[in-house]
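# Coordinate analysis (summary)
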Protein chains: 2
Amino acid sequence: MASNKIVRRPGGRTARTRAAVHQAVELLLIEGGLASVTIPAVAARSGVHHTSIYRRWGTVQNLLLDVILTSLIRVVPTPDTGSLREDVRQFAREAAHAFQDPLRAALAQAFFALPADDSASRRRYWARRYETLRPMFDRAEGRGENPPAPEDVVEHILAPLYFRRFVTARPVTNRFLDALVNDALRSSAR
Amino acid sequence: MASNKIVRRPGGRTARTRAAVHQAVELLLIEGGLASVTIPAVAARSGVHHTSIYRRWGTVQNLLLDVILTSLIRVVPTPDTGSLREDVRQFAREAAHAFQDPLRAALAQAFFALPADDSASRRRYWARRYETLRPMFDRAEGRGENPPAPEDVVEHILAPLYFRRFVTARPVTNRFLDALVNDALRSSAR
């Protein structure tokens, strides 16, 4: 937080503060899980004064949500292999692989643990996520395939993956992933 | 914590302390979500000294796990309607209904938010849960039906339910539940 003499673009300091706070949240999540993310702990870790954190985010829930949405949305390129089946298979493998990453896993868990009544932020996130996947489905449509809806494919792939990873701890094998791809491509609205 | 003169069975005081602490955790979860469950907060709420809580549970994670497993396991009677399809449908509707309850929803979320590497306690819980459901499958077998494995049925019902409830916030309709029952009964190991 030194070297104030350098000329910076407007918002530079705010952006750096935000980045420091976000990084502190991510490190705390990885090291100690959700229970360790408190505003005093974030302040200590980031070097940003706790009053600044309270002023900007208000609650630890809001701060977590900002970190989660920022991090989850910047990930995962949309597959483009030339066939929907191969695209969906790649999507499934990337998702399974992502949860081997401690930060991505911790962020997903923090997202699940948002207050149950916070449906609005969940829907907002998924609307954006489906948009990033839409080209995959538009291309399939253009090739004359008859693709299911993005939200149904996402549900058929991610629901069982999340369930094994975060709920039952059953192993995720390639055979399991291929079965999910089959289910997803057979899926119709439910 | 008064009235020490009453003669009690051995363990009575321990059991009451445990119940008071558990109840405090449940109330905090309902009111403020996982972030509000800290050992000082539980101590204040339960009237049990924080050193006793630390001595018994060690960490807030262990305390949460104890509360979660105790509460989740005592729920949900196993359906017995005379047909596996009807049993599974009842299981699905009860699960969907349970997540309307703020405490059950908060407990499930706390379970998902356990440190991701804590596979052992997840597996232990589910092994017990499948055992409680086994009679449903044994009866089906006895009637000459050819039931899928309990863990596959559970996964086909609960994974999409959890996903809609805690991840995407898509609505859970009766049509959706019936589709899950169909998928579950068609399911084979994957």
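Residues numbered from 1 in each chain as written. Chains lettered and ligands numbered in written order. Predicted model: local features only at pLDDT ≥ 70, side-chain atom pairs only at ≥ 80, totals over all residues. Heavy atoms only, no water.

## Brief notes about the overall build of chain A
Formally: What counts as a helix is a DSSP run of H or I of at least four residues, what counts as a strand is a run of E of at least two, and both are numbered from the N terminus. Burial here depends on accessible area, computed with a 1.4 Å probe over protein chains only, as a share of the maximum for the residue type. Under 20% is buried, over 50% is exposed, and the range in between is partly exposed. Pairs of residues are marked as contacts when any of their non-hydrogen atoms sit within 4.5 Å. Using the Shrake-Rupley algorithm and a 1.4 Å probe, accessible areas are obtained, with residue cover drawn only from the displayed protein chains.
Summing up its helical and strand segments, chain A has 9 helices and 0 strands in all. Residues classed as buried in chain A amount to 48% of the 190 residues present. In chain A, the share of contacts with a sequence separation of at least 24, taken over all contacts with a separation of at least 6, comes to 64%. Element-wise, carbon and sulfur atoms account for 53% of the exposed surface of chain A, whose accessible area totals about 9,200 Å².

## Observations concerning the interface of chain A and chain B
Think of interface size as the accessible area that goes away when the parts come together; that is how it is often given. Applicable threshold: Put simply, buried area is how much 1.4 Å-probe accessible surface two parts lose in total, over both of them, once they are put together. Here a salt bridge means any side-chain nitrogen of Lys or Arg lying within 4 Å of a carboxyl oxygen belonging to Asp or Glu. What qualifies as a polar contact is a pair of N or O atoms within 3.5 Å, subject to a donor-acceptor requirement within protein and to the restriction that residues adjacent in sequence count only when both atoms come from side chains.
Between chain A and chain B, the residue contacts involve 41 residues of the former and 41 residues of the latter. Overall, the association of chain A and chain B removes approximately 3,400 Å² of surface from exposure, summing both partners, and the carbon and sulfur fraction of that is 56%. Area buried by chain A at its contact with chain B is led by F163, V167 and R190 of chain A, which between them contribute 20% of it. Taken together, the connections running from chain A to chain B amount to 6 salt bridges. Taking the shortest distance from any N to any O, the salt bridge between R164 of chain A and E155 of chain B comes out at 2.7 Å. Connecting chain A to chain B are 16 residue pairs in polar contact (both at pLDDT 80 or more).

## A short note on the packing of helix α7 (residues 119-142) of chain A against helix α8 (residues 150-168) of chain B
For any two helices packed against each other, the geometry is given by the interaxial angle and the distance between the axes. Test applied: Helix axes are fitted to C-alpha atoms over the stretch in contact, other axes to C-alpha atoms as well, and angles between N-to-C directions run from 0 to 180 degrees. Roughly parallel covers angles under 35 degrees, roughly antiparallel covers those over 145, roughly perpendicular covers 65 to 115, and oblique covers all other angles. Under the convention adopted here, Pro, Cys and the residues Ala, Val, Leu, Ile, Met, Phe, Trp and Tyr are nonpolar, Asp, Glu, Lys and Arg are charged, and Gly plus all remaining residues are polar.
Between α7 of chain A and α8 of chain B, whose axes approach to 8 Å, the crossing angle comes to 105°. The orientation of α7 of chain A relative to α8 of chain B falls into the category roughly perpendicular. Of the residues in α8 of chain B, those in contact with R122, R123, W126 and Y130 of chain A of α7 of chain A are F163, F166, V167 and T168 of chain B. Taken together, the residues of the contact of α7 of chain A with α8 of chain B sort by class into 5 nonpolar, 1 polar and 2 charged.

## Re helix α9 (residues 174-186) of chain A
So the rule is basically this: Expected span of a helix: the number of residues minus one, times 1.5 Å.
A rise of 1.5 Å per residue sets the reference length of α9 of chain A, with its 13 residues, at 18 Å; its end C-alpha atoms lie 19 Å apart and thus fit the reference within 8%. All of the buried residues along α9 of chain A are F176, L177, A179, L180, V181, D183 and A184 of chain A. Looking at the packing, one finds that the buried side of α9 of chain A touches α5 (84-98) and α8 (150-168) of chain A together with α8 of chain B.

## Here's the deal with the pattern of salt bridges
One pass over the structure, following the stated rule, counts 24 salt bridges over all chains. Two residues, R139 of chain B and D80 of chain B, come together in a salt bridge whose shortest N-O distance is 3.0 Å. Residue R139 of chain B is found in helix α7 (residues 119-142), and its partner D80 of chain B is found in the loop between α4 (60-73) and α5 (84-98); the two are separated by 59 residues along the sequence. Connected via shared salt-bridge partners are E86, R89, R93 and D178 of chain A.

## A short note on the packing of aromatic side chains
Any two aromatic rings considered together are summarised by their centre-to-centre distance and by the angle between their planes. All names here are of chain B. The line we're drawing: Ring geometry is summarised as follows: Phe, Tyr and Trp rings, the Trp one being its six-membered ring, pair when their centres sit within 6.5 Å, and such pairs are stacked at plane angles under 30 degrees, edge-to-face over 60 and tilted between the two.
Counting across every chain of the model gives 21 aromatic pairs over all chains. Judged by centre distance (5.2 Å) and plane angle (75°), the ring pair of F111 and Y125 falls under edge-to-face. Taken as a pair, F111 in helix α6 (residues 102-112) and Y125 in helix α7 lie far apart in primary sequence, 14 residues in all. Exposure remark for F111: the relative accessible area of 2% places this residue in the buried category. For Y125, a relative accessible area of 5% corresponds to the buried category. A centroid spacing of 4.9 Å and a plane angle of 80° characterise the contact between Y125 and W126, whose relative ring orientation is edge-to-face. Each member of the pair, Y125 together with W126, is buried.

## Thoughts on the environment of R190 of chain A
Mapped onto the secondary structure, R190 of chain A falls in the segment after α9. The exposure class assigned to R190 of chain A is buried, which follows from its relative accessible area of 13%. On a C-alpha basis, the gap between R190 of chain A and D152 of chain A in space is 8.0 Å, while along the polypeptide they are 38 residues apart. In contact with R190 of chain A, other than residues within four places in its own chain, are D152, E155 and H156 of chain A together with P160, R164, F176, A179, L180 and D183 of chain B.

## A few points about the relation of the copies chain A and chain B
Cut-off, in case you're wondering: Fitting of the copies onto one another was done by least squares over C-alpha atoms, counting residues only where both copies have pLDDT of at least 70.
By a simple turn and slide, chain A fits onto chain B: the slide is 0.0 Å along the axis, the RMSD is 0.0 Å, and the turn is 180°. Viewed as a symmetry operation, the transformation between the two copies matches a two-fold axis. For chain A, the minimum C-alpha distance to the rotation axis belongs to A159 of chain A and amounts to 2.6 Å. A high fraction, 100%, of the interface residues of chain A reappear at the interface in chain B, so the copies pair face to face through one surface.

## What to know about the confidence of the model for chain A
Put simply, the test is: Each residue carries a pLDDT score, the predictor's confidence in it, ranging from 0 to 100.
Taken residue by residue, chain A gives an average pLDDT of 87. The fraction at 70 or more is 90%. No element of chain A has a lower mean pLDDT than helix α4 (residues 60-73) of chain A, which averages 84, and none a higher one than helix α2 (residues 39-46) of chain A, which averages 96.

## A closer look at the packing of helix α1 (residues 12-32) of chain B against helix α3 (residues 50-57) of chain B
Residue and element names in this part refer to chain B. Relative orientation of the contacting elements α1 and α3 amounts to 100°, with a least axis distance of 12 Å. When the axes of α1 and α3 are compared, the pair comes out roughly perpendicular. Counted together, T14, R18, V21 and H22 of α1 and I53, R56 and W57 of α3 form the full contact between these two elements. Taken together, the residues that form the contact of α1 with α3 break down as 3 nonpolar, 2 polar and 2 charged.

## Points about unusual backbone geometry
Residues apart from glycine generally show negative phi values, whereas peptide bonds are mostly found in trans. The phi dihedral of A169 of chain A is positive, around 60°, even though this residue is not glycine. Relative to the assigned elements, A169 of chain A resides in the loop between α8 and α9.

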